[in-house]
Amino acid sequence: PAGIAQFGSVFRNEISPRQFLIRSVQFDQIESEVFFNPEKINEISGWDSVKDYKLMLQRAKEKKAKPVKTSELVAKKIVSGKIIAYYLAKTQQFFEALGLKIENMRFRELDKDERAFYAKEAFDFEVETDIGWLELAANNYRTDHDLKGHMKESKQDLSVLDEETNTKFIPHVWEISIGTNRVFYAVLENAFKQDKDRALLSLNPRIAPLDAGVFPLLKNKPELTSLAKDVHKELLKYFDVLYDESGSVGKRYYRLDEVGVPFCITIDFDSLKNKDVTIRERDSTKQKRVKIKDLCCTLGRLIHGASFDKI
């Protein structure tokens with residue numbers, strides 16, 4: 001398969017543009033078009049990495065989504081082949097990586113009377129929110145409808161030569177269309193938590209606005225601020241980190257919790273003699289001591305999914 005992706009603003013004649021980011025006249029969209037030989041719809045590199053992965057699938061006319069292995073989609077002929085099953089799996093994995101919970105997502109299969117006339121198969125990827133199920137991505141098997149139309153109007157041959165068989169074919173298209181504004185809304189709503197006296201955004205560290213905050217315990221102690229600034233300067237070589245010395249440490253923690261920063265690093269008096277720091281995890285508020293020489297490696301591991309309890 002050959003994939004082409006693009007991102008940009010699109011416009012529509014929205015009848016009721018009054019639902020915040022959900023329905024608007026102008027919005028941003030990501031589209032991926034995967035072109036492939038329909039005779040090789042079951043040939044896709046990376047298949048083994050997704051064949052046992054479970055998709056949340058709601059079949060047409062059914063009322064509830066159920067987990068279904070990617071390989072079962074092909075074996076039970078729910079989809080036409082491995083290429084389609086593979087990209088459905090990759091789509092769900094993308095939204096999982098954004099922090100959306102798998103139990104709150106589904107692929108809703110569209111029946112013949114729901115999908116576009118050109119779509120052989122269609123699945124809306126939806127996530128459950130406070131305003132109900134919200135479509136984030138449309139997934140359509142457009143067959144050769146697009147290129148045949150271009151060929152007809154342009155009078156140009158857009159067929160492709162398969163060098164293995166020496167035969168020509170018109171590429172088929174699997175399309176993934178994602179509304180980024182809706183994704184932004186769904187991620188923020190999913191991440192927002194109220195924990196007693198603090199509000200926090202429980203964002204996946206890979207999409208957080210900053211990787212960490214660096215604090216001296218007290219701002220009126222030059223030896224602490226000096227070491228904290230040195231640590232901040234070193235971390236800036238590899239990460240997006242913020243230095244903050246205003247207000248109490250507790251208030252600094254809460255400020256960064258509110259905007260989704262996953263880790264806070266505090267330099268205290270023990271840091272001066274032990275050459276270590278306290279690193280605090282946003283969601284659990286757990287704290288651990290880490291040697292300054294190991295801090296870059298430890299923070300990198302945490303951002304990429306290492307368990308805080310095992311560092």
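Residues numbered from 1 in each chain as written. Predicted model: local features only at pLDDT ≥ 70, side-chain atom pairs only at ≥ 80, totals over all residues. Heavy atoms only, no water.

### Side note on the sheet that holds strand E15 (residues 263–267)
Moving on, step 1. The sheet built from five strands is open, its strands ordered E14-E13-E15-E16-E17 with mixed pairing. Looking along the sheet, the strands with just one partner apiece sit at the ends: strand E14 (241–243) and strand E17 (287–291). The average undirected angle you get between the axes of adjacent strands in this sheet is 25 degrees. (Pairing = 2+ DSSP bridges. Helix = DSSP H or I, 4+ residues; strand = E, 2+ residues; numbered from the N terminus. Axes fitted to C-alpha atoms, helices over the stretch in contact; angles between N-to-C directions.)

### Description of the packing of helix H6 (residues 222–235) against helix H9 (residues 295–303)
Two numbers describe a pair of packed helices, the interaxial angle and the distance between the axes.
Moving on, step 1. At a minimum axis distance of 10 Å, the contact between H6 and H9 shows a crossing angle of 55 degrees. Taken together, the axes of H6 and H9 lie oblique to each other. The two elements H6 and H9 meet at a crossing, and its hand is right-handed. Note on element contacts: H9 touches H6 through Leu 295, Cys 296 and Leu 299, opposite Val 231, Glu 234 and Leu 235. (Parallel < 35°, antiparallel > 145°, perpendicular 65-115°, else oblique. Left-handed = near helix turned anticlockwise from the far one by under 90°. Contact = heavy atoms within 4.5 Å.)

### Considering the packing of aromatic side chains
The geometry of an aromatic ring pair is captured by two quantities: the separation of the ring centres and the angle between the planes.
Moving on, step 1. Taken as a whole and judged by the stated rule, the model has eight aromatic pairs.
Moving on, step 2. Relative to Phe 125, the ring of Phe 107 lies with its centre 5.1 Å away and its plane at 70 degrees, an arrangement referred to as edge-to-face. Linking Phe 107 in strand E5 (residues 105–109) with Phe 125 in strand E6 (residues 121–129), this pair joins segments that are 18 residues apart in sequence. Per residue, the accessibility class of Phe 107 equals that of Phe 125, and both read buried.
Moving on, step 3. Summarising the aromatic geometry, the rings of Tyr 238 and Phe 239 are spaced 6.4 Å apart at their centres and angled 65 degrees between planes, so their arrangement reads as edge-to-face. (Phe/Tyr/Trp six-rings, centres within 6.5 Å; stacked < 30°, edge-to-face > 60°. Buried < 20%, exposed > 50% of the residue type's maximum accessible area, 1.4 Å probe, protein only.)

From the geometry alone we can't say anything about function, so treat these as descriptive.
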